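# Summary of the model geometry
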Amino acid sequence: MENLLLFLQTLFIHTYSKKNKKNIYDAIKLYCSLDIIGKIIKGKGWRKMKRILMSLLSLVLFLSAFLFDSNPSAANSDLTDEELTNLHYQQALEEMNRTGSYPGEIDNDDLNSVPPEAGSFSFKAGDILVTKSTDSSGLLGHTGIVLTNPKNVLHIRGPGAKPAVISINQWLSDYPATKVVRFNSSSRAYDAAKWASSNYVKSNGGRYSNLDYGFTGSIKGFKSTYCSKIVWQAYYYGAQKGYKVILQTPSQTKWIIPGIIAPYHYLNKSYQNYNGFKTVKSIKW
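### Re the overall build of the protein
Looking only at helices and strands, one finds 11 helices and eight strands in the protein. Relative to its 285 residues, the protein shows a buried fraction of 46%. For the protein, contacts bridging at least 24 residues in sequence account for 64% of all contacts bridging at least 6. Surface accessibility of the protein: about 15000 Å² in total, with carbon and sulfur atoms responsible for 53%.

Listed below in structure tokens is the structure:
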């Protein structure tokens, strides 16, 4: 009986002083290692003791499963920022695999709320162009960034393509339905455009100008790239501005570095307000 009490005490301590269910099984292993099994088996009360022990084990395991599994938020509440970004990445990939596309968190009001402006419009370095005229494989919409020469745009079309520069006129011809998103600091926006030009434009010796289109690797990395990732990196590395999105878990709502950034993320009003951006022009939307 003393051995049984020792086991139950150990089991209780491991179960309620830790968050990991693995400790329950550690307690069971500890009990088995006490070298008392043989002594109990030899006793006349083994069968009765076995029934009691198994009942207690079943009760404790049932309660532990309820305590840990009924509250999945406990796991999410302890995740680091990097782990939350990875969680966002996995969720985005799962949505792509399930539905064939990833729209991001869309603010539907913004998609139609900015009226076309009268007269001419001056594009500026660092402006983010978002279109609904096409999809960038796996993503809804498409995006590019206006370069230091505001007549040119850097983008990547999709699978099989490389980062490329086209004129604003060519962009509007290919993607007539376009919105222009602008950062609240023109100097930092220029820095973002400069970084994009130096690192992704082949004629400037850009070291990432030959990257393949794809979603491999982190948003900060350079294993592959896609349209809205180029824009994100331009602001992250060039302007020291990491465009953040919201990740909701059962335990929290938190602004995070996205795992995958979608073109429509740049049109989401909540995201724009938080990150310091604004839609300033709507063309044939």
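### Considerations on the packing of aromatic side chains
Across all of its chains, the model carries 19 aromatic pairs by this definition. Seen in terms of ring centroids, Tyr243 and Tyr266 are 4.9 Å apart; in terms of plane orientation they differ by 65°. Their pairing is edge-to-face. With Tyr243 in the loop between helix H10 (227–238) and strand S6 (245–248) and Tyr266 in the loop between strand S7 (253–256) and helix H11 (269–275), this pair connects stretches of sequence that are 23 residues apart. Among the aromatic residues, those joined into a cluster by ring pairs are Trp195, Tyr200, Tyr208, Phe222, Trp232, Tyr236 and Tyr237. In this arrangement the basic side chain of Lys179 is found over the ring face of Trp285, its NZ or CZ atom lying 5.1 Å from the centre.

### Observations regarding the sheet that holds strand S8 (residues 277–283)
The six strands lie next to each other as S4-S3-S2-S1-S5-S8, forming an open sheet whose pairing is antiparallel. Every other strand in the sheet has two partners, leaving strand S4 (164–167) and S8 as the edge strands with one partner each. Neighbour to neighbour, the strand axes of the sheet diverge by 30° on average, direction disregarded. Across six bridges, the pairing between strand S5 (residues 178–183) and S8 is antiparallel. Within the sheet, the bridge partner assigned to Val181 lies in S8 and is Thr279. Packing of helix H9 (residues 186–200) onto the sheet brings it into contact with strand S2 (142–146), strand S3 (152–155) and S5, and relative to S2 it is tilted by some 105°.

### A closer look at the nonpolar core
Soluble globular proteins tend to pack their nonpolar side chains together in the buried interior. Counting 48 residues, the largest nonpolar core has Leu139 and Tyr235 as its most contacted members. Elements with a contribution of two residues or more to this core: helix H6 (81–99), strand S1 (128–131), S5, H9, H10 and S6. Considering each element in turn, this core owes the most residues, six residues, to H10. When neighbours within four sequence positions are excluded, Tyr235 is seen to be in contact with Gly126, Ile128, Ile145, Phe183, Ala189, Ala192, Gln240, Lys241 and Phe277. Leu129, Val153, Val280 and Ile283 belong to the second largest nonpolar core, which has 12 residues in total.

### Remarks on the pattern of salt bridges
Counted under the stated rule, the structure contains three salt bridges. The residue Asp174 makes a salt bridge to Arg157 at a minimum N-O spacing of 3.0 Å. Here the residue Asp174 occupies a position in helix H8 (residues 168–174), and Arg157 occupies one in the loop between S3 and S4, the gap between them amounting to 17 residues.

### What to know about H10
Given a rise of 1.5 Å per residue, 12 residues ought to cover 16 Å, and the 16 Å separating the end C-alpha atoms of H10 matches this to within 8%. Across the 12 residues that make up H10, a large majority, 10, are buried. Burial in H10 covers these residues: Cys227, Ser228, Lys229, Ile230, Val231, Trp232, Gln233, Ala234, Tyr235 and Gly238. Where H10 is buried, its residues meet S1, S2, S3, S5, H9 and S8.

### With respect to the pairing of S7
Note: S6 against S7, four bridges, orientation antiparallel. Of the residues in S7, the one forming a bridge with Leu247 is Lys254. Count of turn residues in the S6/S7 antiparallel hairpin: four residues.

### Here we look at the packing of H9 against H10
Their axes nearest at 8 Å, the elements H9 and H10 cross at an angle of 115°. When the axes of H9 and H10 are compared, the pair comes out roughly perpendicular. Here H9 runs over H10; the crossing is right-handed. Where H9 approaches H10, its residues Ala189, Asp191, Ala192, Trp195, Ala196 and Tyr200 are matched on the opposing element by Ile230, Gln233, Ala234, Tyr235, Tyr237 and Gly238. Class assignment for the residues of the contact of H9 with H10 results in nine nonpolar, two polar and one charged.

About the criteria used
Residues numbered from 1 in each chain as written. Predicted model: local features only at pLDDT ≥ 70, side-chain atom pairs only at ≥ 80, totals over all residues. Heavy atoms only, no water. Helix = DSSP H or I, 4+ residues; strand = E, 2+ residues; numbered from the N terminus. Buried < 20%, exposed > 50% of the residue type's maximum accessible area, 1.4 Å probe, protein only. Contact = heavy atoms within 4.5 Å. Areas by Shrake-Rupley, 256 points an atom, 1.4 Å probe, with all protein chains shown as cover. Phe/Tyr/Trp six-rings, centres within 6.5 Å; stacked < 30°, edge-to-face > 60°. Lys NZ or Arg CZ within 6 Å of the ring centre and 35° of its normal. Pairing = 2+ DSSP bridges. Axes fitted to C-alpha atoms, helices over the stretch in contact; angles between N-to-C directions. Core = buried A, V, L, I, M, F, W, Y, C linked by side-chain atoms within 4.5 Å. Salt bridge = Lys/Arg side-chain N within 4 Å of Asp/Glu carboxyl O. Expected span 1.5 Å × (residues − 1). Parallel < 35°, antiparallel > 145°, perpendicular 65-115°, else oblique. Left-handed = near helix turned anticlockwise from the far one by under 90°. Nonpolar A, V, L, I, M, F, W, Y, C, P; charged D, E, K, R; others polar.

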